[in-house]
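# Breakdown of the fold
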Amino acid sequence: MTDLDAFRSDTRAWLEANCPTEMRQPMGSEADACWGGRNWTFGSDAQRTWLERMVARGWTVPHWPKEYGGAGLSPSEAKVLKEEMAGIGARNPLYSFGISMLGPALLKFGTDEQKKRFLPEIARGETRWCQGYSEPGAGSDLAGLQTKAEDKGDHWLINGQKVWTSYADKADWIFCLVRTSAASKQGGISFLLFDMATPGVSTKPILLISGNSPFCETFFDNVKVPKDQVVGEVNRGWDVAKYLLGHEREMIAGMGLGATGGTLGRMLKPDDPFLRSEIATFDVDALAFAAMSERFFEMFKAGETHPASPSMMKYAGTELNKRRHELMMSAGGFDALEWDSERSKSGKTARDWLRTKANSIEGGTSEIQLNIVAKHILGLPGA
Amino acid sequence: MALLNDDQKMLRETAADFLADKGGIAKQLRHWRDISCKDGFGHDLWKQFAELGLTGICIPDDQGGLGLGAVEAALVLEEIGRNLTPSPFLTTAVVAARTIAGTAHAERWYPAILSGESVLSLAVDESGRHAPQNTALSADRRGNGFVLNGEKQFVVQGASADMVLTVARTGGSPGERDGITLFAVPKDAAGLDIENEALADSSKVARLRFSNVGLDADAVVGEVDAGWVPLSRGLNAGRAGASAELVGVAAGASAMTVDYLKQRKQFGKLIGEFQALQHRAAHLYGEIEIARAAALKAAELLDSGDEISELMVSVAKAKAASVAKLSVQEAMQMHGGIGMTDEHDIGFYVKREAVLGELFGNVYFHRARVADLSDY
């Protein structure tokens, strides 16, 4: 038995013994996801137990170093853990932008002090983070952002507005791109961390077409931020921002894989021959995409991927996910259109479908990803 | 897995160097077409495949081959596709070698495959589309042997082959898998008429007419009425292989096109500066990566004997064919008028894609198979 086989059997046994039965059921809605944070109210005892047990084992962030709350697993071990969790249908114990986005950036660019201060809290689900990137005038042209941070000697003074801030109204802290110099577009941006409870911070949820409000407008009115909360160098925040976006794009690309294993056709059992044909076309694309994700994961571990490959994956994965939900709507017919009924779980099919329309916008639009591939991978001129 | 090991990377490099040097369009495809070669490929080059050991990729090492598998065959086939190199590699070294694997015919034919002396082919289709279970060509028992009557078409390199693996019906009815038997038919069998045809891509296929072709019982490959087993083995290897070759065709056409975008000027600019073209090229790049991963995954599952390999083989063939079609269509459009000329090489990619797309089942066949295998 190899070490990895031994790890697999230990992991399987531990999960079997420790993952509460309720945490092995598919999530009914987004409300079943555990996000943690100062103000978190656990949906059930099982949700709390599951998080606590996984935290104690370092398995909310299995590949992070132990000193920051992780388990120091190798990429292969982390993959085994993921597979074994999927094998019993175990829910993700903690949804967290701290884990998926800020963590990798802090591990790469943070000072030792910043890592010790912020990473363990993220691993334990004690601090919930949000991302302050887009602004009303800076969407695809993100580097055109105007939220200003003035150096006031012993602190930064922040004024401006962010938009599309996911769960800003529920977050404890924000990682935020601010303009610290007007001299250069990309070279005048800094990456700041601050507490959302700081005076001058306010949020306003935005009602979306799905009827939900996961995104907010976030306002900063003379917000004072301590000087040691800059990640990386002042005016070099664009490097941090791009690195983080790579991780965000990989995460979003994962949507291409869908929530369940197997083919869409097996789940939907289409009775219309033309729909069946479209679904089969989709299933070919989806299974091929899954093969590519698997291959690129292995290539990434071996250092064989191009740095811009998350852009290709994000583009392909999100476009695929939008198609998936269009087909689910088509297969659902009249029933999929219900918006409030209990029968439809409050319009889950329709609301999920509408949510996916943002997939190819958030984290950089499909068009931006194609620009990046054209320029950095294909080397096309003037891109 | 999913990552290539060092031996596989070395094999890929060997094949890439060899085929770029010796197998390019000017030296092979265009040359053989222009002199109206009856085989559509060069025997000298095929001998060089043999000298490099490539003819033995799918042949076990205790029978003189390299003892490798579908993944390694895919690596070679991607390079074949990229260079549009005409050769019997797919039909003989992959499909025929895998079809007769483990049967008495392996001992008879493996030495001739390994040395590059013999071309073998598979005769499966009888109508304008791939539909192996619709086999109607009859094989009736006569004495200790069989007598074959019927027709085959789209027999790749059939007129160049010393032996044609022929799918016939010994029982059941067209539409059924049971009752199919595979025969090794020598090219000079009495009553066998072979008509050589050129296809759009200058490759050759044959139409075969069997008129009371008598065969001994030892011509049977595998078991009587259970020919579906060796046939599936050969077809799956062929489908995975054709997928990899299609990925090569897609990648070759796309590389030529991206180069062109960096050279051609209009309106005082390189046309590659236009975002309308950049986005299409970038989309195609991703699709080719996805198709390549699917082709490798299918090959990997075939090698490990995984039960979902059938599904993934169809995913790979459907995906690779549709991506290659996209690639050659974009290539034609982005090359503009020059691409319409016979002098330019890009047209060869368009033609090759069309043939490979139909071989062993087109996108519609394989999409339907994905649905069937997923019970919907």
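One frequent convention defines the size of an interface as the accessible area lost when the parts assemble. At the interface, 33 residues of chain B touch 35 residues of chain A. When residues of the side of chain B that touches chain A are assigned to their parent elements, the largest contribution, 14 residues, is made by helix α8 (residues 275-304) of chain B.

The subject of this paragraph is the domain arrangement of chain B. Residue and element names in this part refer to chain B. Domain annotation for chain B reports domain 1 (6-119), domain 2 (122-227) and domain 3 (229-373). Centre-to-centre separation of domain 2 and domain 3, based on C-alpha positions: 30 Å. A per-class count over the side of domain 2 that touches domain 3 returns nine nonpolar, four polar and one charged.

Another point: the packing of helix α1 (residues 6-22) of chain B against helix α4 (residues 70-83) of chain B. Residue and element names in this part refer to chain B. For the pair α1 and α4, the least separation of the axes is 9 Å and the interaxial angle reads 25°. With respect to α4, the element α1 is oriented roughly parallel. At the point where α1 passes α4, the crossing takes the right-handed sense. Touching Gln8, Leu11, Arg12, Ala15, Ala16, Leu19 and Ala20 of α1 are Val71, Glu72, Leu75, Val76, Glu79, Ile80 and Asn83, all from α4. Counted by class, the contact of α1 with α4 contains nine nonpolar, two polar and three charged residues.

Let us look at the environment of Val94(B). Residue and element names in this part refer to chain B. Within the fold, valine 94 resides in helix α5 (residues 89-99). Placed 146 residues apart in sequence, valine 94 and alanine 240 show a C-alpha to C-alpha distance of 9.9 Å. Aside from chain neighbours lying at most four places away, what touches valine 94 is Cys58, Ala73, Phe89, Ala237, Gly238 and Gly241.

Our next topic: the packing of helix α7 (residues 228-261) of chain B against helix α9 (residues 309-335) of chain B. Residue and element names in this part refer to chain B. Where α7 contacts α9, the two axes come as close as 8 Å, and the packing angle between them is 25°. The angle between α7 and α9 falls in the class roughly parallel. Read as a crossing pair, α7 and α9 show a hand that is left-handed. Counted by class, the contact of α7 with α9 contains 19 nonpolar, seven polar and four charged residues.

Right, let's get into the pairing of strand β7 (residues 204-215) of chain B. Residues and elements named next belong to chain B. Examined bridge by bridge, strand β3 (residues 145-156) and β7 share eight bridges and lie antiparallel to one another. Bridge pairing links glycine 150 to phenylalanine 210 in β7. In the sheet, strand β6 (residues 192-198) pairs with β7 via seven bridges, with the strands oriented antiparallel. The residue bridging asparagine 196 from the neighbouring strand is alanine 206, located in β7.

Definitions and limits used
- Residues numbered from 1 in each chain as written.
- Chains lettered and ligands numbered in written order.
- Predicted model: local features only at pLDDT ≥ 70, side-chain atom pairs only at ≥ 80, totals over all residues.
- Contact = placed C-beta atoms within 7 Å.
- Helix = DSSP H or I, 4+ residues; strand = E, 2+ residues; numbered from the N terminus.
- Domains from an automatic or database assignment.
- Nonpolar A, V, L, I, M, F, W, Y, C, P; charged D, E, K, R; others polar.
- Axes fitted to C-alpha atoms, helices over the stretch in contact; angles between N-to-C directions.
- Parallel < 35°, antiparallel > 145°, perpendicular 65-115°, else oblique.
- Left-handed = near helix turned anticlockwise from the far one by under 90°.
- Pairing = 2+ DSSP bridges.

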